[in-house]
Amino acid sequence: MSVVPTPEQPSVVFVRFLLDADVSPGLLSRLLQPYAKRDLVPDRMWSHRAGDTVHVEIAMEAMPAEVVHLVEGNLSQVVGVRNVSRVARSCLRQVA
């Protein structure tokens, strides 16, 4: 799904990033930096360790569409991140 806003699409989207990364102290705080530097707060963050891998989900109910690809790029550049998957769809609600 394209997240670039057009007249038919909203300027905010629901987005979930699913990541696999190496176990490392400070990993979770480094994953939040791309959000913090854009003054964004995720609605949900979940992590689970399985051996030498950490599985992480970070979700926002209403992320500005124009920053989705920037945040995704920043997440993929975090040291230890093996892969990043994105699930995005139009927002069901607008955030004030």
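So, here is what we can say about the structure in this document. Keep in mind that what you see is a predicted model, and the values were worked out from it rather than measured.

Criteria and thresholds
- Residues numbered from 1 in each chain as written.
- Predicted model: local features only at pLDDT ≥ 70, side-chain atom pairs only at ≥ 80, totals over all residues.
- Heavy atoms only, no water.
- Phe/Tyr/Trp six-rings, centres within 6.5 Å; stacked < 30°, edge-to-face > 60°.
- Lys NZ or Arg CZ within 6 Å of the ring centre and 35° of its normal.
- Pairing = 2+ DSSP bridges.
- Helix = DSSP H or I, 4+ residues; strand = E, 2+ residues; numbered from the N terminus.
- Buried < 20%, exposed > 50% of the residue type's maximum accessible area, 1.4 Å probe, protein only.
- Arc of directions from axis to C-beta.
- Contact = heavy atoms within 4.5 Å.
- Patch = residues over 30% accessible without salt bridge, like charges linked within 9 Å, V, L, I, M, F, W, Y side chains within 5 Å.
- Areas by Shrake-Rupley, 256 points an atom, 1.4 Å probe, with all protein chains shown as cover.
- Salt bridge = Lys/Arg side-chain N within 4 Å of Asp/Glu carboxyl O.
- Axes fitted to C-alpha atoms, helices over the stretch in contact; angles between N-to-C directions.

Inspection of every chain in the model, using the stated rule, returns zero aromatic pairs. One residue, Arg-89, lies across the ring of Phe-14, its end atom 4.2 Å from the ring centre.

Once that is clear, we can look at the pairing of strand β1 (residues 12–22). Here β1 pairs with strand β3 (residues 53–64) via 10 bridges, running antiparallel. Bridge assignment links Leu-19 to a residue of β3, and that residue is Val-56. Two elements, β1 and strand β4 (residues 81–90), share nine bridges in a ladder whose sense is antiparallel. Within the sheet, the bridge partner assigned to Leu-19 lies in β4 and is Val-84.

Another point: helix α2 (residues 68–77). All of the buried residues in α2 are Val-68, Val-71, Asn-74 and Leu-75. All buried residues of α2 lie within an arc of 130° about the axis, which places them on one face of the element. The inward-facing, buried residues of α2 contact β1, α1 (27–36), β3 and β4.

Attention shifts here to a nonpolar patch on the surface. On the surface, Leu-28, Leu-32 and Met-45 cluster together to form a nonpolar patch covering roughly 210 Å² of accessible area. Tracing the backbone shows Leu-28 in helix α1. You can call Leu-28 partly exposed: its relative accessible area is 36%.

So, on to the sheet that holds strand β2 (residues 44–50). Strand order in this open sheet of four strands is β2-β3-β1-β4, and the pairing throughout is antiparallel. The open sheet terminates on both sides in strands that have one partner only, identified here as β2 and β4. Pairs of neighbouring strands in the sheet enclose a mean axial angle of 15°, with direction left out of account. Sheet strands in contact with α1 are β1, β2, β3 and β4, and its direction is about 20° off that of β3. Helix-sheet contacts for α2 involve β1, β3 and β4, and the interaxial angle to β4 is about 165°.

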